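Per-entry structural report
Below, each chain spelled out in residue letters.
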Amino acid sequence: MNAKFTISYDGTSFQGSQTQPNKLSVEDALQKAFKSLNIDTKIVLSGRTDRDVHATGQVFNCNIPSYWEELLKLKEALNRQLPLSIKIKDIVKIDETFHARFSAKKRVYRYLVTKKELTAFNSKYLCSQKEFDEEEIKKAIKEFVGSYDFEYFHKTGSDKENTVREIFDARFYRYKDIYVFRFCANSYLRSQIRLMVGFLLKIGEGKLSIEDLKDQLNKKRRVFKTPASPYGLYLAKVYY
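Reading guide: rules and limits
- Each residue is numbered by its place in its chain's sequence as written, counting from 1.
- With pLDDT at 70 or above as the cut-off, local features in this predicted model cover only qualifying residues; side-chain atom pairs require 80 or more to be listed or tallied, and sums for whole chains, interfaces and linings still use all residues.
- To get the side-chain values, take all heavy atoms of the structure and skip hydrogens and water.
- The distinction between a cavity and a pocket rests on a 1 Å grid over the protein atoms alone: a 1.4 Å probe fits inside a cavity but cannot get out, while a pocket stays open yet meets protein on both sides within 12 Å along at least five of seven lines, and a residue with an atom within 4 Å of a point counts as lining.
- Grid points are joined across faces, edges and corners, and a volume is the space filled by probe spheres set on the points.
- A run of H or I in DSSP counts as a helix once it spans at least four residues, and a run of E counts as a strand once it spans at least two, with each numbered from the N terminus.
- Burial status follows relative accessibility: with a 1.4 Å probe on protein chains alone, a residue under 20% of its type maximum counts as buried, one over 50% as exposed, and anything between as partly exposed.
- Contacts were defined at the residue level, with two residues in contact if any of their heavy atoms lie within 4.5 Å.
- Centre distance within 6.5 Å is the pairing criterion for rings of Phe, Tyr and Trp, where only the six-membered ring of Trp is used; planes under 30 degrees apart are then read as stacked, over 60 as edge-to-face, and the remainder as tilted.
- In this analysis the charged atom, NZ for Lys or CZ for Arg, is taken to sit over a ring once it is within 6 Å of the ring centre and within 35 degrees of the ring normal.
- Only buried Ala, Val, Leu, Ile, Met, Phe, Trp, Tyr and Cys residues count toward a nonpolar core, and they belong to the same one when joined by side-chain atoms within 4.5 Å.
- Segment limits for the domains were obtained from an automatic or database-derived domain assignment.
- Definition used for salt bridges: Asp or Glu carboxyl oxygen within 4 Å of a side-chain nitrogen of Lys or Arg.
- A 3.5 Å cut-off defines polar contacts: any pair of N or O atoms within that distance qualifies, except that in protein one atom must be a possible hydrogen donor and the other a possible acceptor, and neighbouring residues in sequence count only when both atoms are side-chain atoms.
- Just so you know the grouping, Ala, Val, Leu, Ile, Met, Phe, Trp, Tyr, Cys and Pro go in nonpolar, Asp, Glu, Lys and Arg go in charged, and all remaining residues, Gly too, go in polar.

**Considering the layout of surface pockets**
Estimated volume of the second largest pocket: approximately 180 Å³. As for the second largest pocket, its lining consists of 14 residues, and the residues nearest its centre are Q15, D50, R51, K155 and R190.

**Here we look at the side chain of D52**
Turning to its location among the elements, D52 is positioned in the loop between β2 (44–45) and β3 (54–63). In this structure D52 comes out as buried when scored by relative accessible area, which is 12%. Those residues within four positions of D52 in sequence are excluded, and the remaining contacts are G11, T12, F14, P230 and Y231.

**Remarks on the packing of aromatic side chains**
What the rule picks out here adds up to 17 aromatic pairs. Note on F34 and F60: the rings are 6.3 Å apart at their centroids and 90° apart in plane angle, and the pair reads as edge-to-face. In this pair, F34 is assigned in helix α1 (residues 26–36) and F60 in strand β3, connecting sequence segments 26 residues apart. There is no split in this pair, since F34 and F60 are both buried. For the pair F132 and F172, a centre-to-centre distance of 6.1 Å together with 70° between the ring planes defines the contact as edge-to-face. A residue pair is termed long-range when its members are at least 10 positions apart, and F132 in the loop between β6 (127–128) and α3 (134–141) and F172 in strand β8 (residues 164–175) qualify at 40 residues. Per residue, the accessibility class of F132 equals that of F172, and both read buried. One residue, K115, lies across the ring of F132, its end atom 4.6 Å from the ring centre. Above the plane of the ring of Y239 lies K237, whose end atom (NZ or CZ) is 5.2 Å from the centre.

**A few points about the nonpolar core**
Grouped together as the largest cluster of nonpolar side chains are 71 residues, with contacts concentrated most on F5, L74, F144, F153, F181 and F183. The leading source of residues in this core is helix α4 (residues 192–205), at eight residues. Residues lining this core come from more than one domain, with at least three contributed by each of domain 1 (2–93) and domain 2 (106–239). If you look at the next biggest cluster of nonpolar residues, it comprises five residues, including L112, L126, V180 and Y234.

**Regarding the domain arrangement of the protein**
Accessible area lost during the coming together of the parts is what is often quoted as the interface size. By domain assignment, the protein separates into domain 1 (2–93) and domain 2 (106–239). Here the C-alpha centre of domain 2 lies 27 Å away from the C-alpha centre of domain 1. Taken residue by residue, the interface counts 15 residues in domain 1 and 14 residues in domain 2. Viewed at the interface, domain 2 and domain 1 are joined by one salt bridge. Between D50 and R190 there is a salt bridge, with the nearest N and O atoms lying 3.6 Å from each other. There are eight residue pairs in polar contact (both at pLDDT 80 or more) connecting domain 1 and domain 2. Among the residues forming the side of domain 1 that touches domain 2, the class breakdown is three nonpolar, seven polar and five charged.

Put into structure tokens, the structure is as follows:
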């Protein structure tokens, strides 16, 4: 039986979402929980998140034995086996053709920034930037909407041959004392969002311009290549 799982996790507890040699990943912790229930299965994540990046709506699918028909009980059993840094939010039966990665149509990420000084309790979950021009960022972020070759907005050394991605929506807004960068795209390159946010924050500081952004986006010149901190980044939702 193919099942779709929606989970949240604290990325600071892991070396990323995907299994890597000699490094603890979210996938490793999930596999361990399944094995504790005598379920031998292969997990397919909707996409990878890097070290220290969080998720409130990551999705994966896997085959589970048909005798686990009561999915609420399976959810409760797995959550008892998982570390506190991972929570299964929902499990549903899904068509056998469903693939968490290849069936995904859109992925939404949020990046959270505060102008306040960070504390011992939020320093791994927010980015702190004392001063920036909100209106300039609101104008600049719209430049990302559309289909572009993001070769200059991804981590050097990534193994992606095709660097073209389509961003359907890009917004910057304030929620109480938190500033939110929200991106919705078909998929993303490694560190793409952090590089986009880093560039936008520099525009907000007045150190870079929208024209600089256009030049880099159109691959006329590479102006900026320092990604924002991973701590403020969250995989929020995957649309199918």
